[in-house]
Each structure stands twice: as C-alpha cells, then as structure tokens.
Protein chains: 2
Amino acid sequence: MKKEVIESLKQIVGEDWVIDDLSKMQNYLYDETEPLLRPEASRDSIVVKPGSSEEISQILKYANKTLIPVTVRGGGTGVVGGAIPVKPGMVLSLERLNKIVELDEKNLMITVEAGVTLADLLEVLENESKLFFPIHPGDEGAQIGGMVATNAGGTKAVKHGIMRNHVKAVEVVLPTGEIVNFGGKLIKNNMGYDLLHMMIGNEGTLGIITKATLKLYAKNKYNGTLLVSFNTRREACDAVPKILQEGITPLAVEYMDRVIADKAAEQLGSTWPAQKGAVDLIFMLDEPTEDELYSNSEKIVEICEKYNAVDSIIAETAKEQRNILEIRSNAYGPYKDNISDALDIAVPPSAVPDFFDDITELGEKYNNHIVSLGHIADGNIHNFIMGENGKLPSYYEKLKEDMYKTAIKYGGTITAEHGTGKTRKKHMALQFTQKEIEVMEGIKKTFDPNGILNPGTIID
Amino acid sequence: MKKEVIESLKQIVGEDWVIDDLSKMQNYLYDETEPLLRPEASRDSIVVKPGSSEEISQILKYANKTLIPVTVRGGGTGVVGGAIPVKPGMVLSLERLNKIVELDEKNLMITVEAGVTLADLLEVLENESKLFFPIHPGDEGAQIGGMVATNAGGTKAVKHGIMRNHVKAVEVVLPTGEIVNFGGKLIKNNMGYDLLHMMIGNEGTLGIITKATLKLYAKNKYNGTLLVSFNTRREACDAVPKILQEGITPLAVEYMDRVIADKAAEQLGSTWPAQKGAVDLIFMLDEPTEDELYSNSEKIVEICEKYNAVDSIIAETAKEQRNILEIRSNAYGPYKDNISDALDIAVPPSAVPDFFDDITELGEKYNNHIVSLGHIADGNIHNFIMGENGKLPSYYEKLKEDMYKTAIKYGGTITAEHGTGKTRKKHMALQFTQKEIEVMEGIKKTFDPNGILNPGTIID
C-alpha cells in the first residue's frame, strides 16, 4: 500500500490501529468461507481499526476521494467471502466499536456498537436483564453490525424469523462520509422511505453500520426437545405445515438425514437416540408454562403419527436435550474434510419434498453422495456437495448450478441466510431479471457513487 | 386531457375503462383526508382502470414516454392525500385487479391481486380457511395493494406489528413499464438487495404493486377485553412496559382520555362502563387456551394495580366486549365536525408520558383543547387539534409543527401509520437530514427516472 495512504490512515486513527505488514494481517484477510471456494485476498491490503463513527466518516471521505476500496470486517464468521478484500485497498475492522450503548428495558430494546459480539450481547442480557434476543446464527463470535449487515438467520427462525424482524434502528456511515440514522426506537414509523430495511442485508456494500438498536423479548421459561423419526423424507416434510396450521410454533424444526446423525454422533463418541426410520425431525420448543410445553409436544407427536412417524422421543432431562443438540451442531463435523460446498438454498416450505427428490436425482446423475439437513419449517435446506480427495469435483460448478436452478424452479432462493457475498454473486442472473439487477445497481450507485465499498460483493 | 391521451388509454384498456368526464370522476379525485387539509385535485385528470399487470405495463410505458403523471388509487381510504392527483394526469385505479390468486394453506400464505379489498380477503379466509390475517387498519374498504404500499398499521400492532411483517412477495410494474417480482414464498431469502421492503410503504411513488403474497397464521380461539382505569396519564403509561416485560403480549393496548370515551358513548346512546379515574387502558387479548386468557388478564390487572389503577373491568360477555370496542371505534365521532387534524405521531413507548405532558402544555399555550387517544404500547398517539367554527385555527401550522418537533425531540416520528403522503411531505426536513433526503431522492430517481409516479408524494 502506498506510503501516503498508510500515513493518512495513521493520522485519522492513530499509529497503533493500522496494520500495513502483510505477515501481521493474515487474520483479517479471510473469513469462514470453505477454503476450496475462497476468493483470493489482495496482498496489497492495509488494515485499519477506527475507534468511532467520526473516524470512520473521515476514513470514508478519504477513501471516496482517493477511490480506495474499503472492505468492512465484523466478526469474520461469514461463509460467502463477504469480508475478504479482493481488490487492493483497506480492510476496515469494527472490533474497537465494542460498547453496549444502552440496555433500555422500558422499551424492550438494546443499543450496541457494531463491533459488539453476539457473545457479549448474550452475556449482558444474561447478567443484567430478564429479556432475551432471539437470533443466533451459530457462531457467537459474530458481531452485531455484521449480523445486521448480513440479515443473519439461524435455527430459531420458525418462531422468531430473521435479524430483519428485530432491528429497530441503525447508525450508518455512508461511503461518502456522512453519518446518518435510519429507523428509531419506534414500533411504527411511516415517514419517508424506509432506508433501515435497505441497510439490513446490504453486506457492507451500501454503508457501514456503526450502531444498532435491537428489539428484546420476555423469555419463555419452559424448554423442550422432541425427536420424531420417519421412514421417508416426504412423510417428515408433510407433517410440518400441519403442525404450524394448528397454531403450534416451535422455536426450530430441524431436519437431518439419519446417516448424518449417526456419523455426527459417532464422531462425538455418543449415540443418536433414534433407531427406527431413516430421517429425523428435531423440534425445539419454548413455552410460557409447563402445561403448554407438554400439550404442544403431545400434539406434535399426534400429528406426526398421522404422517407415519415410526418413533418419537421426548428429551426429558437437560442431558438428553444436550446430547441431541450437540449431535445436531456437529452435523458438519464428519464431512468437514470432504465437503466441497454446503449450499444454503431455500424453497417454499411446501416444495421441500419435491425439491428433495430432485436433489437425490441430481446426486445420482453426478454420482455425488449429497446429504441434507436443514431448517425444514423455513424451507431452508443445507445440501452438502461432497469433494473428491479434498478437491472440488470436476463437475462442481455444473452440479451447483443445476441445484440452484432446481430451487428457482420452485420459487426458491440461492441463499436463505448466508448471503450473496462474493461466492454467489455470479449467479445473480439465475435468480433475477436484467431489470431487477439494474434496479439494484441503481441503488448501489445512489449510496456509493464511486463504488468504493466492498467491491465484488452482491453487485458492482 | 388531450384527445390523443384519451384515445391511447382507450386502446390499451378498452372504451369502458376510461373516464374523461370530470363530472363522472369525482369519486376518484379524493381520499379520506380531512376536507380542511386536502390538497386540491387537478381538474385536468383522466381515470383509467386497467384489467391486468400487462395493461398497467403498457400504460406506464406510454406515460413514461409522454411524461404524463400517474397517481395510483387503491381503496381511497388514505388520510394524507396519497391518492389525490395534484397534477394534470391519470388516476390509475386498481379496482379491476380483484382476484384471489391462491389460498396456499400448506405454506400459510395467500396471494391476491392488488385491488382485492380487506373485506374480500377476510371473507375468503372466513369461508375457506381456519387461518387468519392479522393487519386491520380500520376501514375494510382498503385494498391489499394499498395496504402494502402504505405499510398499513392498525390497533393489533402490539402482537402482530405492521403490514411489513406479513408481506412475503409482490409483483410490481415499474414506472418504466417492466413487470418485476420481489420476494417469494420464502421464510428466509438473502440473495441480492431486498427490494421487497423498498416497495412496502412506497406510497405508489416507486412502482405499482399489482399482486401481493401475505403470511397467514393460526387463529387463537379465546378473546377477551379488559378495561383498566387510572387517575393520571402517567400511571397508565408506566404500567404498559411492565406488562410486556412479563411476556404478556396483548393484541392491542388502547389508550383513551375519559372525556373522549364519555362523549363517544353518549353519541351512540350508550354508557362507558368505567366511572372512576380520568383515563383508560383497553387491553384486547387473544390466547390459545381459556386458562391463558384468564391468567394473563389477572396478571395485567395485578400489574396495573401496582401503578395505582383505580378500577378494572373484565368484559365477560360478547355484548360487553362489543360495547367497549364500539365506543372506542367511535372516538372520532363526537369531534368529527370540529377536528382540524388528527395527528399520527409515534414516540418511543417509554417517552409517552413526557410527550403527553408536553402536548398538554402546548394545548394550554395555544388555547386548543387537544384530546388524545392511541395505540399506547406502540407509542402511537392520535392527538386531535380542534378547529374554530369549522375552520383551521389561525395558529394551526405553528401548533402542528411544535407537536412534530416535540415528537422528534424524543426520537419520535411525524407519522406512525398514516404515511407521508402529500400532506406531510413538507415536514420531511424536520425529521431527516439533508443527506438522508438526498438518498431518498436518489432511490426515487433509480425507480422512476422521469418522476411520473404520484408526484407530490413523499419526495419529488
């Protein structure tokens, strides 16, 4: 990086908060994207760690004037290359913006700086409040700013939806340097255009989120986990909408091929509690009373039995619950070394059984042993495409595209929760019309006229 | 209107669906905006009633080429002049797009054309489904397209939020004539920018919504209404967050000054059931079991008593419930002839008591007997500014601006649910910075480069 850039940044944030030695910035050049799929990071990078929105404003004014690309970095837990700087330029890390600004119990809201991690947030709530925040994308190293910028999801979306449903306000530094505020501590707000929702899921391409106000909720006291087994994927799928139609809304309804469950358990030195059947549904429930927890669990089993469930296990003890959830969490474990890609497709929930059939067929056609698990009530299925001796199979791009096209045929989406990032950008035209992409380009141009923010992500 | 415009439109939609006689189009020139505040409709208007998205596409291509303004009209139930054509041009009415496209119980969704009224939607659900749709802005003549375009609210927002939370997909005709689709029958979708949310609340300025897919929910079987009285506004306000923190989420928590309740009851030849106290909270509850309905009602009363509630009445019979809700619905009735403006301000819920004090002070300062009611758990208060002998008081603009500034001081918004429309557009700069407005202008330009859609609304 040119000397004058290094000097200018040091002047803004101070000597200590700029890294210009390539060997010392390795942790800032990658995220959790599968190594085989990672876009290559530019070696001509510089890392800058501002301590305030005002410093970010100065940095962006400088970058916008000198046309230096800026890639924003939160917790680096993304899996689609969003945080990887692919052009010579700066990595702007938000780690120093780590203050809890206000726990506002009266409004059931909390305001935090963008660099606060999910772990920090959960700790503050645990220690200082009876309220809770429902979105959990798995990795608690995720930063709140990043969770807003990527519209994070997670398992509990059946009841609580996604990040978008729980963000009330953001402070944003625009690529042109202005500090703006979208939204407010308001339940309803119809003045002007809703720019808050434009920022949610923008993946650091339209502005840098520096502060966020999130909604909090009263906690339900009674938790339960229920494991129901079926012989076929279709029977398992068909039971789910019936449960929702009855007014039972679990926190999560997870689907796993049994082959995944058994391997994941074995790797942990444990045993998957279900024996009969070939696939499982895991229901996680939280209810305000013990009565409701039991009566809803019973109703779920009753409905599943109508769809030929072959077994059901109510995890009574905390230990039994933990065992099931730990095995579920380890689903990737046994495959880790040999997964080429863990896709993140969603289809309308009713289309899941047909989608599964098509995926099985594609797996046979390409001779790839695709296994599946996912957030089934959301229609969000993770399909693992297997590798060949630690490499992408030769037909990887073609198989992936066939899977994307299958999803889109059912009105689905290429990415339910991971985001477009850099690795899925080239498939935008599979899902959107030319005009739809043009509108997105226009929006990018409106916010970021010189295209300095996170180049190569979503849209250019 | 020029002859060639009339002829061109007749060619697109057919002779029967164009009105060019001013005397026959009066119903298309106004909405429900208070007569004293209505912007004047252009007398050089023409009404066109397309029968399909394709016809709308043709009309917009023509309008975009010839630069003729197009004002979209749904049910005409708006109160901020959104549907009033203030420039010579067309009124495009969506009344013929009135088909229920698909009731999709498996996905708990329904797809309707934009011109389907809320009454139509409720009827279909009542007759053909056990599922329900929660948003109800009061007037069932509202069309679904309009409800999406204005991000409609209503009383039940405490539990169900606003329209935005329940829209999954829209078909839109862009001002340049392209038919596009944003969103899908998906619970999670992170591909590209979220243009669905840009369309929700656009008030017919960015595109014409022609179809919408809405989420449906299982109905709770047990309904209850609870009336709790207090001596002061502050005590009533302070009780509300405590209830929400306990995990009790009523459908609605309505606030009324007693003076309104008594007058509204008298006009209906009825009696307001509460005598003690000066202000009331009305809680509407719906729960899945009778037990929960009773236990939550009891908990609410208990909490209110800690805040010095002086009386509480549980409406046991359907008749008692109806009486309370009818009187609440008639709140505007006694004031109708003498209201200058019923403002639609929201503040953070915790700021409501201070906001109330400030409003009382402003009323005294201007010698205007402002009365208040509202959706208190949402922080959304309707303040009635009284008129003078059927006219706006001389200080009306100044008082209104003072009230807006008061709301903004608390982090509030000028409009919680009614929208910006034409009547609040001039106050955009009170709530937003110059840069924030510039971004909105950029977005308008992206969608509508020639500014033909609904001129004079939100942004120009």
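Residues numbered from 1 in each chain as written. Chains lettered and ligands numbered in written order. Predicted model: local features only at pLDDT ≥ 70, side-chain atom pairs only at ≥ 80, totals over all residues. Heavy atoms only, no water.

**Student:** I'm lost on the sheet that holds strand 2 (residues 45–48) of chain B in this one. Help?
**Tutor:** Whenever strands of a sheet pair, they do so through backbone hydrogen bonds, lying parallel or antiparallel. All names here are of chain B. On the basis of which strands lie adjacent, the open sheet formed by four strands has the order 1-2-4-3 and mixed pairing. Each end of this open sheet is capped by a strand with a single partner; those strands are strand 1 (18–19) and strand 3 (70–73). Bridge count between strand 2 and strand 4 (residues 89–93): four bridges; the pairing is parallel. Of the residues in strand 4, the one forming a bridge with Ser45 is Gly89. In the packing of helix 2 (residues 53–66) onto the sheet, contacts are made with strand 2, strand 3 and strand 4, and the angle to strand 4 comes to roughly 165 degrees. (Pairing = 2+ DSSP bridges. Helix = DSSP H or I, 4+ residues; strand = E, 2+ residues; numbered from the N terminus. Contact = heavy atoms within 4.5 Å. Axes fitted to C-alpha atoms, helices over the stretch in contact; angles between N-to-C directions.)

**Student:** What exactly am I supposed to notice about the relation of the copies chain A and chain B here?
**Tutor:** Between the two copies of this chain, the relationship is a rotation about some axis together with a displacement along it. By a simple turn and slide, chain A fits onto chain B: the slide is 0.0 Å along the axis, the RMSD is 0.0 Å, and the turn is 180 degrees. What the rotation and shift describe, once combined, is the action of a two-fold rotation axis. Of all interface residues in chain A, 100% are interface residues in chain B too; the two copies therefore contact each other through one and the same surface. (Least-squares fit on C-alpha atoms with pLDDT ≥ 70 in both.)

**Student:** Can you help me understand the domain arrangement of chain A in this one?
**Tutor:** How big an interface is tends to be stated in terms of the accessible area lost upon association of its parts. All names here are of chain A. Split into domains, chain A comes out as domain 1 (3–93), domain 2 (100–218), domain 3 (222–329) and domain 4 (335–434). Computed from C-alpha atoms alone, the centre-to-centre distance between domain 3 and domain 4 is 24 Å. Taken residue by residue, the interface counts 16 residues in domain 3 and 14 residues in domain 4. In this assembly, domain 3 packs against domain 4 so that about 1400 Å² is buried in total across both faces, 62% of it on carbon and sulfur atoms. Between Asp357 and Arg234 there is a salt bridge, with its nearest N and O atoms 2.9 Å apart. (Domains from an automatic or database assignment. Buried area = accessible area lost by both parts, 1.4 Å probe. Salt bridge = Lys/Arg side-chain N within 4 Å of Asp/Glu carboxyl O.)

**Student:** I would appreciate a short explanation of the sheet that holds strand 1 (residues 18–19) of chain A in the present structure.
**Tutor:** Residues and elements named next belong to chain A. As summarised here, the arrangement of the four strands in space is 1-2-4-3, forming an open sheet in which the pairing is mixed. Only two strands of the sheet have a single partner each, and these edge strands are strand 1 and strand 3 (70–73). Direction of pairing for strand 1 relative to strand 2 (residues 45–48): antiparallel, over a ladder of two bridges. Each residue of the ladder has a partner; that of Val18, found in strand 2, is Val48. Those strands touched by helix 1 (residues 3–13) are strand 1, strand 2 and strand 4 (89–93), and its axis lies near 5 degrees from that of strand 2. On top of the sheet, helix 2 (residues 53–66) reaches strand 2, strand 3 and strand 4; it is set at about 165 degrees to strand 4, its chief contact.

**Student:** Could you clarify how one ought to interpret the interface of chain A and chain B in this entry?
**Tutor:** At the interface, 77 residues of chain A touch 77 residues of chain B. A per-residue breakdown of the area chain A buries against chain B is headed by Lys188(A), Met191(A) and Tyr193(A), which together make up 17% of the total. One can count ten salt bridges joining chain A with chain B. Linking chain A with chain B are 37 residue pairs in polar contact (both at pLDDT 80 or more). (Polar contact = N/O pair within 3.5 Å; in protein donor to acceptor, adjacent residues only side chain to side chain.)

**Student:** Looking at this structure, I do not really get a negative patch on the surface. What am I missing?
**Tutor:** A contiguous patch of negative charge, built from Glu290(A), Asp291(A), Glu290(B) and Asp291(B), is present on the exposed surface. Of all elements in the fold, only helix 9 (290–306) of chain A together with helix 9 (290–306) of chain B reach the threshold of two or more residues within the negative patch. Examined against the element boundaries, Asp291(B) turns out to sit in helix 9. Residue classification places Asp291(B) among the exposed residues on the basis of a relative accessible area of 61%. (Patch = residues over 30% accessible without salt bridge, like charges linked within 9 Å, V, L, I, M, F, W, Y side chains within 5 Å. Areas by Shrake-Rupley, 256 points an atom, 1.4 Å probe, with all protein chains shown as cover. Lys, Arg positive; Asp, Glu negative; His and termini not counted. Charge placed at Lys NZ, Arg CZ, Asp CG, Glu CD. Buried < 20%, exposed > 50% of the residue type's maximum accessible area, 1.4 Å probe, protein only.)

**Student:** Honestly, the environment of Val347(B) in this entry has me stumped. Any pointers?
**Tutor:** Relative to the assigned elements, Val347(B) resides in the loop between strand 17 (345–346) and helix 11 (352–366). In contact with Val347(B), other than residues within four places in its own chain, are Lys185(A), Leu186(A), Val352(B), Phe355(B), Asp378(B), Gly379(B), Ala407(B), Tyr410(B) and Gly412(B).

**Student:** Sorry, what's going on with unusual backbone geometry here?
**Tutor:** Residues and elements named next belong to chain B. Even without a glycine there, the phi angle at Asn151 is positive, about 50 degrees. For Asn151, the position within the fold is in the loop between helix 4 (144–149) and helix 5 (157–160). The backbone of Glu203 shows a phi angle near 55 degrees, a positive value even though the residue is not glycine. With respect to the secondary-structure elements, Glu203 resides in the loop between helix 6 (195–199) and strand 10 (208–215). Taking relative accessible area as the criterion, Glu203 reaches 8% and is therefore assigned buried.

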